[in-house]
Each structure stands twice: as structure tokens, then as C-alpha cells.
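As a plain string of letters, each chain reads:
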Amino acid sequence: MRTPNLSLLIATVGALSIATPALADQWNLATPYGDASFHTKNTKQFAEDVAEATDGELTINVHSGGSLISHAEIKPSVRRGTVQAGEIFLSTLSNESPIYEVDTLPGLAGSYQDAYDLWQASKPIITELFAKEGLMPLYAVPWPSQGIYTDFELTDTSQFEGLRVRAPNINTQRFVENLGGIPTQTEEADIPTAFSTGRVDAMITSVSTGNSMSAWDYVSHYNDANLWLPKNIVFVNKRAFDRLDDATRKAVLDAAAKAEQRGWQMSKDDGAKSAEALASHGVTISQPSDELKQQLQAAGQQLFEDWQARAGDQAKQLVERYRARQAQSAQ
Ligand code: PCA
């Protein structure tokens, strides 16, 4: 009986595997936010970390500033697989489920610690909702708290009467309405045009967006009303993720965990830096007076009650879980 030539066999298999190396994967990731945003810097760092950890096996091309896909189209495009990954402002999904509104409910989470506890409490449900659409969250990072930009000193909510206020999501629009103002949904990138064409008189957003959109060109005052800390979420098409080999998947998840941790710190740092930049450009930053605070709280309370009426058991349980975590963190 002839014995097979084992060394020849090994050599042949070896040559074959060299001839057909695993194909390096390329993902596109679309985000509406521009390169000046700390979110985009963080996401680009995430992409670099993945490329490095996988030795170029997976390259993620970050398309910033809505250059590839408009904000509203990013999630549907990732679902379809037109692009493999995306970043969006999570609360823009609030018409899909009240769950997506929790990080824009006034009075619920007004500090980074609270916002983090709220994210931990919401993550399982959001992961489940995303999974139903063939999507998987990678990480979420908050914006600094939301405040009010005006071209006058805000002392009283009656000043909202007839004021056209730019708002980035549905709850902020409702909030403006509760105050007697006229809300306009405007993308971050469109803020300068909205002001310069006179479409809006005021806006609600963070110090970070005020800074990257040069708010001092349009408004003179920022009221640090600390309404809520809304988040961006970065997510991927699950099929694209599942196609990766185990080591690459692990590299993506590890880089995502790092990006989340880094992003929360970047948000704090960028908030401090942006407040300084606003002040140095002549924007007056003030804290709400007790009276204004109470008025804003009343408008916020209305929002919260309306949400409770809309929210299902799952959303209510989420808030309960968050409250339990918050109590634990406070100990
Ligand atoms: N900046 C984004 C979302 C929230 C924020 O602080 C915006 O205003 O569109």
C-alpha cells in the first residue's frame, strides 16, 4: 500500500491558503455630525482602533456631516445593508417607541452619573428593539446637557410666546410648544442657515453644538437650563457583524466598549471647553433664576406626564429600573 506523501499534502494546503487569504472587510459608517463634533472624533478613533486591532482585516470608513446619507435615512440604510454601520441622535427615533424618548425627559437624568445609569437601564430594551430590525448597538455617548440660546436675556418663559425655536428632536419640540413657542425641527448642520435666513430666533441644544455651529454669530445668551443629556448611538447591521470571524468581532466589541468609555469623558471635556469658547466669543452664559427654573420644570412635568400616558409597561419598567440604579449609585 502506498503511503500518502504527507509533506507534499501539507505544502499544497499551505500554498492554497496563501493563494486565497481571508478577504479584508470594509464597512461604511454614516453620521450626520461634522468633523468638529467630539462625537465624530470619537467615532473616527473607534474606526482607527478597529483597523489597528484587526491589522487592517476590517476597515471602517466614517462618512461625517451627512455626506453619504441624510440623518433620517441612516437607520433604514443600515437595516437594508446599504451601509454597514451608522450613528444617529437616538431620540429622533421617538416616533417609533416611547423607549427612545427616555433620554429627553426633563427632570429624569440631569447629571452624567444619572445619564449613565439611565443608559444602563435602557440598553437591554434598546438592544432588543434594534435586534428586531436586524441591528446591533455598539455604543452610546451623551451630548452635554441641553440649554437655551436666545438673542436676549431669558428671564421668564413668557418670552417664548411666538418665539421660533430650533429643536433637534420631538420632545424638545413639544417642550417648546408647552412654553408657547413655535418649534422647528432643524438638523445640527443647518443651524447657521436657519438663523441667517431668519427661520429661527432661538435654539435648544448643548454648549458643544453651540460652539461647533458658532452660536455667537446669531445669539447673545445661553441659559444653562440643564434640561436633559440626550445620546447618540452607534450601531451596525447584524448580518455584516455576523459575517466577521470571531477575532474580528471581538476586536469590534472591544473597540466599541473603549469608545463608549472615552466618549462619556470626551462629552464632559468638550462641554467645559465649549462653554469657555462661547464665553470668549461674547456669549453670556447664565443659570436660570429660581422662578425660571420652576416655569421650565412645569413645562417639563407636562412632558413627563404626557410620556407616561403614551408609554407602555416596558417603558415604565425601564424608568423603575433606572430609579433603582440611581438610588444605588447615590449610596
Ligand atoms: N447637539 C445635537 C443633538 C443634541 C446636541 O447637543 C443637535 O443639536 O442637533
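In this section: the overall build of the protein chain. For the protein chain, the count of helices and strands is eleven helices and eleven strands. With 331 residues in all, the protein chain has 49% of them scored as buried. Contacts in the protein chain between residues at least 24 apart in sequence constitute 78% of all its contacts with a sequence separation of at least 6. Here the protein chain has roughly 15,300 Å² of accessible surface; of this, 51% comes from carbon and sulfur atoms. Charge-centre separation for the protein chain: the mean point of 28 positive side chains lies 8 Å from the mean point of 41 negative side chains.

Residues in contact with the ligand, as listed here, are F89, W143, Q146, R166, P168, E188, T205, S206 and T209. R166 has a polar side-chain atom sitting 2.8 Å from an oxygen atom of the ligand. S206 places a side-chain nitrogen or oxygen 2.6 Å from an oxygen atom of the ligand. Summarising the interface, the protein chains cover 99% of the accessible area of the ligand, which totals 260 Å² for the free molecule. Grouping the constituent residues of the shell around the ligand by class yields three nonpolar, four polar and two charged.

Of all hydrophobic cores here, the largest spans 62 residues; its most connected members are F46, F130, L138 and I233. Of all the elements, helix α4 (residues 112–132) adds the most residues to this core, at nine residues. In contact with L138, other than residues within four places in its own chain, are F46, V234, F235, V236, V252, L253 and A256. Grouped together as the second largest cluster of nonpolar side chains are 17 residues, L163, V165, F175 and W228 included.

Relative to the helices and strands, V50 is located in helix α2 (residues 38–53). Measuring from C-alpha to C-alpha, the distance between V50 and N211 comes to 29 Å, with 161 residues separating the pair along the chain. For V50, the contacting residues outside a window of four places in its chain are L58, I60, A251, V252 and A255.

Oppositely charged side chains may form a pair once their charged atoms are brought near each other. Scanning the entire structure with this criterion turns up 16 salt bridges. Note that D35 and K44 form a salt bridge whose closest N and O atoms lie 3.1 Å from each other. Accessibility expressed as a relative area gives 33% for K44, which makes it partly exposed. Between K123 and E260 there is a salt bridge, and its shortest N-O distance comes to 3.8 Å. Remark: E260 occurs in helix α9 (residues 246–280) and K123 occurs in helix α4; sequence separation between them is 137 residues. Accessibility expressed as a relative area gives 30% for K123, which makes it partly exposed. Taking the relative accessible area as the measure of exposure, E260 reaches 8% and is therefore buried. It is possible to trace a salt-bridge network through shared partners that takes in K75, R79, E96 and E133.

Averaged over every residue, the pLDDT of the protein chain is 93; residues scoring 70 or more account for 93%. Residue range residues 6–21 is modelled with pLDDT below 50. Its contacts to residues more than four positions away, or to other chains, number zero contacts.

Contact geometry for α4 and α9: axes closest at 12 Å, N-to-C directions at 150 degrees. As summarised for this structure, α4 and α9 are arranged roughly antiparallel, according to the angle between their axes. In this structure, α4 crosses over α9, and the sense of that crossing is right-handed. Across the interface between the two elements, Y112, A115, Y116, W119, Q120 and K123 from α4 touch E260, W264, S267 and K268 from α9.

With that settled, the discussion passes to the sheet that holds strand β2 (residues 58–63). Across the sheet, which stays open at both edges, the five strands sit in the order β2-β1-β3-β10-β4 with mixed pairing between neighbours. Sheet topology places β2 and β4 (135–142) at the edges, where each strand pairs with a single neighbour. On average, each strand axis in the sheet is tilted by 20 degrees relative to the strand beside it, whichever way the strands run. Pairing of strand β3 (residues 85–89) with strand β10 (residues 231–237), which is carried by five bridges, proceeds in the antiparallel orientation. Residue E87 lies in a different strand from β10, and its bridge partner there is V234. Across the sheet, α2 touches β1 (25–30), β2, β3, β4 and β10, and the angle it forms with β4 is around 130 degrees. Relative to the sheet, helix α3 (residues 71–80) contacts β1, β3, β4 and β10, its axis offset from that of β3 by approximately 145 degrees.

Cut-off values and rules
- Residues numbered from 1 in each chain as written.
- Predicted model: local features only at pLDDT ≥ 70, side-chain atom pairs only at ≥ 80, totals over all residues.
- Heavy atoms only, no water.
- Helix = DSSP H or I, 4+ residues; strand = E, 2+ residues; numbered from the N terminus.
- Buried < 20%, exposed > 50% of the residue type's maximum accessible area, 1.4 Å probe, protein only.
- Contact = heavy atoms within 4.5 Å.
- Areas by Shrake-Rupley, 256 points an atom, 1.4 Å probe, with all protein chains shown as cover.
- Lys, Arg positive; Asp, Glu negative; His and termini not counted.
- Charge placed at Lys NZ, Arg CZ, Asp CG, Glu CD.
- Near = heavy atom within 4 Å.
- Polar contact = N/O pair within 3.5 Å; in protein donor to acceptor, adjacent residues only side chain to side chain.
- Nonpolar A, V, L, I, M, F, W, Y, C, P; charged D, E, K, R; others polar.
- Core = buried A, V, L, I, M, F, W, Y, C linked by side-chain atoms within 4.5 Å.
- Salt bridge = Lys/Arg side-chain N within 4 Å of Asp/Glu carboxyl O.
- pLDDT = per-residue confidence, 0-100.
- Axes fitted to C-alpha atoms, helices over the stretch in contact; angles between N-to-C directions.
- Parallel < 35°, antiparallel > 145°, perpendicular 65-115°, else oblique.
- Left-handed = near helix turned anticlockwise from the far one by under 90°.
- Pairing = 2+ DSSP bridges.

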